[in-house]
Amino acid sequence: MSYCHFSYKDEFEKPRKEIEGAIYTHVSLLDIVAWVTPEPVSFAERMSGKKLTLKENEKWAQNEFECGWFNFKGKVPSECEDKHVVLLLDVNGEMCVFDTNGSPIRGLTNGSSTFEFTYGEPGKRVFQFTDHCKGGEIVDIWAEAGSNDLFGKLCGDSKVKDAKIAVCNDNMRCLYYDFEALLEILKVLPEKSARSHQIKTKLREVLLLLNEYTEQDAIKCIEVLKPLFNRNGSKSSLTISAIGHAHLDIAWLWPIRETVRKGARTFATALDMMDRYPEYVFGASQPQLYEWIKTAYPKLYDRIKGKVHEGRWEVQGGMWVEPDTNVPSGESLVRQILYGKRFYREEFGVDVKTVWLPDVFGYSGALPQIIRKSQCKYFMTQKLSWNSINKFPYHTFIWKGIDGSEVLVHMLPEETYNSSVKPTAVVATEENFKEKAVSDNCLMLFGIGNGGGGPGAEHLERIKRVNRFSELPEVKQEKSSDFFDRIAEDISCYKQWAGELYLECHRGTYTTQAHSKRYNRKLEFALRELEMLLTFIDIDSDVGYPKSDIEKIWKEVLLYQFHDILPGTSINRVYDESLARYEILMLNVEQLIEEAKKTMTEKCDSASLKEPGMVFNSLSWCRNEWVKAGQKWFSVKVPALGYSLLDMQESEECAEQLFADEARLENSLIRVIFDQNGTINSIYDKECEREIIPEGVSANVLRVYRDKGDAWDISVDYADKIIGTFKLSSSEAFIDGPCAILRNVYSFKDSNLTQDVVVTAGSKRIDFRTWVDWYQSDQMLRTSFPVDILATEATCDIQFGSIKRPTHKNTSWDWAKYEICAHKWVDISQRDYGVALLNDCKYGYKVFGNILDLNLLRSTNYPGTCIDRGYHDFTYSLLPHSGDHIVGGVIREGYNLNQPLSMLPVANNKSGDESGSSFVQIDEENIIVETIKQAEDSDGIIVRLYEAHGASVRAGLEFCHSYSLISEVDLMEENPKQLAVDNNSVVVEFKPYEIKTLLLSR
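This write-up is about the structure you can find in this document. Only a predicted model underlies this, so the values are computations on that prediction, with no experimental measurement involved. (Residues numbered from 1 in each chain as written. Predicted model: local features only at pLDDT ≥ 70, side-chain atom pairs only at ≥ 80, totals over all residues. Heavy atoms only, no water.)

## So, the nonpolar core
Consideration 1: By size, the foremost hydrophobic cluster in this structure holds 265 residues, and its most contacted members are Tyr-290, Trp-313, Phe-919 and Phe-959.
Consideration 2: The element best represented in this core is helix α13 (residues 514–540), accounting for 12 residues.
Consideration 3: Setting aside anything within four residues of it in sequence, one finds Phe-959 in contact with Phe-919, Val-920, Val-943, Ile-966, Asn-984, Val-986, Leu-998 and Leu-1000.
Consideration 4: Counting residues in each nonpolar core, the second largest holds 29 residues, with Ile-32, Ala-34, Ala-61 and Phe-127 among its members. (Core = buried A, V, L, I, M, F, W, Y, C linked by side-chain atoms within 4.5 Å. Buried < 20%, exposed > 50% of the residue type's maximum accessible area, 1.4 Å probe, protein only. Helix = DSSP H or I, 4+ residues; strand = E, 2+ residues; numbered from the N terminus. Contact = heavy atoms within 4.5 Å.)

If you want it as structure tokens, here you go:
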């Protein structure tokens, strides 16, 4: 069937623009004074910057993100009496008009703003002044502006484009939207259909009537076109639920501080539009954004709350921000929802049931359980439409997580959250929707997004007209929660997808901006330890638990997990500022940890020791390890979730024979042989009498690849673009207590790398402690370990469990996973033997065949420039082991590497035992305690555990203290189910990979 498409463009496009140009009649110019500052200043300080008196076409800013307060003044001419008067304002930057009390009332966007124009024009330059002018009114308007567009660009050389008083010709405006709608419906009609001919005939009749483009001409034309809007009660089988939306990235091509102002512009615009369009329903996600608005613009926030209570404003998405879900820990994802949902409840009285992640770069298989146990049941996205190789088969489906939890998912059929709501968009939605055979409902988000802004009047005018075409589905404005509740009634009709939702795109985000990822990992573990220590202290003392301080730190960590910050896809300024804050947060947490340790040691009994120290273990298994205090080494045995005391004056000698030279490291369990270039030729497991590295290949080759991708993407053929390898310049072997160490120093062009390869007594784990001064551009550094293992799957550590991924390329779905995300380890094993590659802050792996490959650094140049140049510090480890990853203890070793035993000298000597009892002892090794913290709404204690092996188990837990009540609760710490307590012990049943949260009441 032949469609009309653009065959009519030359005939009707020029008249369309002429009609548009006749909507506003300019009557007077405004006087302009601006005060410019490098950074934002408040309304009260608006005249504190550099003062400029301006006219149209004059420049007001020199650089991106400069700020200005504009005062527009004028007088409405008397001839405007009884007219609809507006102000046309465009300073080639984002702007927001404020009322006389300093509260935002309308956002405005420059027409030159960069945006995908297939979705619509982003400009918003019309400020409503008065619908019924008396003539002679004084114009005195204050507006705050930034010299950046929606996407952080400096447009139009920052020259003032418009500052005018104008009359809005309402009938011409109505005609324009009628004319536009008919041109758009022609694009989806068969070119030779009767309907198409009828429309073109009427449009030609309109052109004959438009002589002077007067209001009278417009009235006649509207009457001519009226019969073409012919829906008379008939209804399509498909209903499109539509909600106004403004996807607003917390940071991306602009700094975080600009997002606060973007939020004010976007939200003020939404409120203004609601006043003019009573049918308008708008929604926005991210409690962090609402909290900023509450703090910076309280009166605007109060107006938002009013619309929420009216049911016309939907607070969306229960997560604190829209985070990346590949890199954050499981506890981070729990806190995202915990703090997000609590904020919405407390501020708006709304309990959100939908996790809202339209633009996130792939979705962890642990999410469905986290969603369901956080009292949510729906999930919305569209990002999988970006798959580069395989088309995702569903729009509405059931997503089954690694533990079997199920969530109802809807992906936007139009495959954008920036719908124009034109007839072409409506038809695309209907044609794309994969479940239309079993469902007559789908979702549409309309408006200008990514940089905020949201819907304009054009979107709402289009909906009116779309719903008057019998050829199109009905577009119904409503909250997304109503949509999800309705489609859930047909849940048995939908297909299922099990496991992760892997995005075949943006694989570079597992590695880009290494400093951010390192800080995130270290802070997640530091907060874990801090909360445990403070909980243990609070049990037996009156020290108190600083809940609000910890929550504040957590929320800032969650902020930086936003999907364009933690993945590394923002401009340099975002990282300059967030890394500085990360450093402060880490110092704060470390200081709190040290204070907590000192408080804990004051309770320890140690008079029998001359100079005692305390070793604390925050992991849920007993650890037999070596620790170093100053220059002394100690062999310690520390109980699970407990501590041991030791005499710091009596260091221990390692009884095990170790060997270290430039060619070999060896202990009683493992032998490592090096080539003369520093790479590894052999790793021999002495206990199992097994060679790990296949003959004729080398391991730990530090290869550098050409990487012309941006911050998001790695080229599929990067492996064919090896630039070179780091070359060994010196080696030094030595023994340090229980450690045999080979220190290799390498160089590559302008970059230098020092690596300590460490073999420790009593362990098969080989640590590669690495320090890099990295100064490459558009290049990527990786290491790899070919191992003598035959396996068709790799087991990868993710939040609250693990996932299997193929090591082959049998199908396009397998091949597409040429870069995968994992947390602390990846393992490939056959039944009798395996090898794991562990790390302390890396996430990007490649595992095809028998090669474990780890992405160490990327240095891309967009949107940030010279990314990750400078100093880096990280460790990765190779762990050969018997059996699979479970038998080989890989899970525990991953935790051990990331959460070292911590030590502090005892301050006040008393008398008594040398070790502290475990907070809780667990009789099943596959149960891991992830979190111990104070409860949110009581002085009870929260203990979060999960099953790590993928097995069902009844686990006995014995606590060292008595509790009046022990209950199982959900992740919101609600809906308690009392457990039977017997002598401080309870039995808890776990399904594979199940998360359990216990509330211990005192």
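## Some points on the sheet that holds strand β47 (residues 927–934)
Consideration 1: Pairing is antiparallel in the open sheet, where five strands are placed in the order β47-β48-β53-β50-β51. Edge positions in the open sheet fall to β47 and β51 (977–978), since each of these has one partner strand only.
Consideration 2: Where strand β50 (residues 965–969) lies against β51, two bridges are found, and the strand directions are antiparallel. What sits directly across from Ser-967, in β51, is Gln-978.
Consideration 3: On top of the sheet, helix α8 (residues 330–348) reaches β47 and β48 (941–947); it is set at about 40° to β47, its chief contact. (Pairing = 2+ DSSP bridges. Axes fitted to C-alpha atoms, helices over the stretch in contact; angles between N-to-C directions.)

## Brief notes about the packing of aromatic side chains
Consideration 1: Scanning the entire structure with this criterion turns up 54 aromatic pairs.
Consideration 2: Among the aromatic side chains, those forming a connected cluster through ring pairs are Phe-267, Tyr-280, Phe-282, Tyr-290, Tyr-301, Trp-313, Trp-320, Phe-343, Tyr-344, Phe-348 and Phe-446.
Consideration 3: When the ring centre of Tyr-502 is taken as reference, the NZ or CZ atom of Lys-817 above it lies at 5.7 Å. (Phe/Tyr/Trp six-rings, centres within 6.5 Å; stacked < 30°, edge-to-face > 60°. Lys NZ or Arg CZ within 6 Å of the ring centre and 35° of its normal.)

## A short note on the pairing of strand β16 (residues 396–400)
Consideration 1: Across the five residues of β16, four count as buried, placing the element largely inside the fold.
Consideration 2: As paired strands, β16 and strand β17 (residues 406–411) are joined by five bridges and run antiparallel to one another. Bridge pairing in β17 links Ile-398 to Leu-408.
Consideration 3: Linking β16 to β17, which pair antiparallel, is a turn of five residues; within it Gly-404 sits at a positive phi near 100°.
Consideration 4: Two strands pair when backbone bridges link them, and β16 and strand β20 (residues 496–498) are joined in this way by three bridges, in the parallel orientation. Bridging across to β20, Lys-400 finds its partner in Ala-498.

## What to know about the pattern of salt bridges
Consideration 1: Evaluated as defined, the whole model comprises 74 salt bridges.
Consideration 2: The partner of Lys-686 in a salt bridge is Glu-666, and the shortest N-O contact between them spans 2.7 Å. Linking Lys-686 in the loop between β28 (680–685) and β29 (690–691) with Glu-666 in strand β26 (residues 664–666), this pair joins segments that are 20 residues apart in sequence.
Consideration 3: Take Lys-686: its relative accessible area is 27%, and that puts it in the partly exposed class.
Consideration 4: When salt bridges with common partners are traced through the structure, they connect Glu-39, Glu-94, Glu-144, Arg-257, Glu-258, Arg-261, Lys-262, Arg-265, Arg-573 and Glu-577 into a single cluster. (Salt bridge = Lys/Arg side-chain N within 4 Å of Asp/Glu carboxyl O.)

## Digging into the sheet that holds strand β9 (residues 138–146)
Consideration 1: Spatially, the six strands line up as an open sheet ordered β3-β2-β4-β9-β6-β7, and their pairing is antiparallel. Edge positions in the sheet fall to β3 (50–54) and β7 (104–108), since each of these pairs with one other strand and no more. With direction set aside, neighbouring strand axes in the sheet form an average angle of 25°.
Consideration 2: Summarising the sheet, strand β2 (residues 31–37) and strand β4 (residues 67–75) pair through seven bridges and their orientation is antiparallel. Residue pairing in the sheet places Thr-37 in a bridge with Cys-67 of β4.
Consideration 3: Against the sheet, helix α5 (residues 256–276) contacts β4, β6 (94–98), β7 and β9, and its axis sits at roughly 100° relative to β7.

## Overview of the environment of Ser-747
Consideration 1: For Ser-747, the position within the fold is in strand β33 (residues 739–748).
Consideration 2: Residue classification places Ser-747 among the partly exposed positions, given a relative accessible area of 27%.
Consideration 3: In the structure, Ser-747 is positioned 317 residues away from Glu-430 in sequence and 57 Å away in space, judged by C-alpha atoms.
Consideration 4: Other than its neighbours up to four places away in sequence, Ser-747 contacts Thr-725, Phe-726, Lys-727 and Asn-752.

## What to know about the environment of Leu-289
Consideration 1: Its location among the elements puts Leu-289 in helix α6 (residues 287–296).
Consideration 2: Spatially, the C-alpha atoms of Leu-289 and Trp-320 are 8.7 Å apart, while their sequence positions differ by 31 residues.
Consideration 3: Discounting chain neighbours no more than four positions away, the residues touching Leu-289 are Leu-248, Thr-259, Gly-263 and Phe-267.

## Considering the environment of Gly-452
Consideration 1: Residue position: Gly-452 is located in the loop between β18 (441–446) and α11 (457–466).
Consideration 2: In sequence terms Gly-452 and Ala-246 are 206 residues apart; their C-alpha atoms lie 4.9 Å from each other.
Consideration 3: Every residue in contact with Gly-452, bar those within four places of it in the chain, is listed here: Leu-150, Ala-246, His-247, Leu-248 and Thr-266.

## With respect to α6
Consideration 1: All of the buried residues along α6 are Pro-287, Gln-288, Leu-289, Tyr-290, Trp-292 and Ile-293.
Consideration 2: Where α6 is buried, its residues touch α5, β12 (282–285), α7 (298–310), β13 (313–316), α8 and α14 (547–559).

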